[in-house]
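Observations on the model geometry
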Amino acid sequence: MAESGFEPAEVMRRLTARLKLRHLNLLLMIRKHGSLTRVAEQMSTSQPAVTSALAELEGMFGAPLFVRSVRGMSPTPLGEVALARASAMLQDLDHLVRDMAATASGMAAHLNIGVIPFVSGQLISGAISATLPMERRISATLTEGTSEQLLAQLRDHSLDAVIGRAQAATGMQDLQFVPLYRQRPRLVASRRLAARLTRGVVQWDDLTDLDWVLGTRSTPMREQVADLFLRAGLPPPEPLVESNSAKLVGEIVAASERAVSVVPADIADELVRIAGVTIVPFTFEWTLAPIALFTRADSEPRPVDRLFSDALSRLCAQIYGPIS
C-alpha cells in the first residue's frame, strides 16, 4: 500500500470497471466553466445530475478532484493530474477517429504534426510522401506555431510529433528528440536593394538603418539576429514588421526597397522562387540550434510514427548532409 492510504490496484479496478467517456468530458467541462450550474446548462441536464456524476467520479479516485469556493471550482493536485490525462485520452480518441477516416478513404493512417515557422515546406511534403505503411499513403494535419505552443500540444496529445529547434531547456524530461539538420543564415532583400547593397562590401553598419522584417520577440530567430548585431558592436534593430510567417516575410521584403531579413538558407531559396526576393552575398555565422523531431518519451510510437521519423531523417541527410 502506498502512503496516505492510496491503493493503486483498487483505484485501477474501479476506473476499469466504471469510468466512461462522459466522466472525462465532465472533468473538462468543470475546468472550463468552474460551476456545476453552468456545466449543467451546457450539457442540457440538471445540476443534481452533474453533482451526482462528479461524486461518482471522485468515488472512483477515492479523493476530491475539485475544491469548491465562492469564486467557483478549482482542481485539486489530484484533479490536475486527472484533467491532464483526461484531455490526452480524448485527444487520442479523436486521433483514432481520424485514423479510421483515413483508412476508410484508402489511406493507411493520419499524422498530426506541429512545425515551427521557417522549416521548408518541400521537406515536410517529401517526408509525408515517403511515409508509406503497407505501400499506402498517409494523410496529415500540419499545425504551425512557436516551439512553446507546439510542445504544449505535443504533451496534451493534440500532436503526434513536432518539428522544431533542439533548444536546451529545462522541463523536457517527458520529451525526446532526434536532431535532423542545421540551417545556414541568408540575408534577403528586394532585387533593387540587393543590387545597391552589393555595389561594395556589405558591412553590419550598412544594415542598421534599413527596415527589418523579423520574427516576434523571444523566438530563436529574432534573438539570433539581435545577437549578430551585438557581436558586431551595434544595437539590434527594431523591426518595422514582426511576423512568424516565412511567406509574409518574403512578400514584404520583396515589395520594399528598404526592407531586409535574415532567414535560413533553405527558406531563402524557397522565397526566391515564390516571393521574388534576392539573396544578398553576405557571409556570417550564427549559433542556432539544429532542427529536430520531438516526440513524447512516455508513448509507444505507432508503426506510422516510426516510418515518418525514418523518412524525415533520410530526406534531411540527403538534402543537408550528416548533422555534425
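Residues numbered from 1 in each chain as written. Predicted model: local features only at pLDDT ≥ 70, side-chain atom pairs only at ≥ 80, totals over all residues. Heavy atoms only, no water.

In the annotation of an unreviewed UniProt entry, the protein is listed under the name LysR family transcriptional regulator and assigned to Bordetella genomosp. 5. In the Sequence similarities (unreviewed entry) part of its UniProt record, the protein is described as follows: "Belongs to the LysR transcriptional regulatory family." (UniProt positions renumbered as here; feature names shortened; annotations may be inferred.)

Some words on the sheet that holds strand S11 (residues 278-280)
Taken in spatial order, the five strands of this open sheet run S9-S8-S10-S7-S11, and their pairing is mixed. The sheet terminates laterally at strand S9 (241-242) and S11, the two strands that pair on one side only. Pairing between strand S8 (residues 211-214) and strand S10 (residues 259-264): two bridges, direction parallel. Among the inter-strand pairings, Trp212 is bridged to a residue of S10, identified as Val260. Running at roughly 145° to S10, helix H11 (residues 246-255) makes contact with strand S7 (185-189), S8, S9 and S10 of the sheet. Along the sheet, helix H12 (residues 265-274) contacts S7, S10 and S11; its crossing angle with S10, the most-contacted strand, is approximately 125°. (Pairing = 2+ DSSP bridges. Helix = DSSP H or I, 4+ residues; strand = E, 2+ residues; numbered from the N terminus. Contact = heavy atoms within 4.5 Å. Axes fitted to C-alpha atoms, helices over the stretch in contact; angles between N-to-C directions.)

What about the environment of Ile30?
With respect to the helices and strands, Ile30 occurs in helix H2 (residues 21-33). Along the chain, Ile30 and Ser74 lie 44 residues apart, while their C-alpha atoms are 8.5 Å from each other. For Ile30, the residues in contact, after removing those within four places along its chain, are Ser35, Leu36, Val39, Leu54, Phe66 and Met73.

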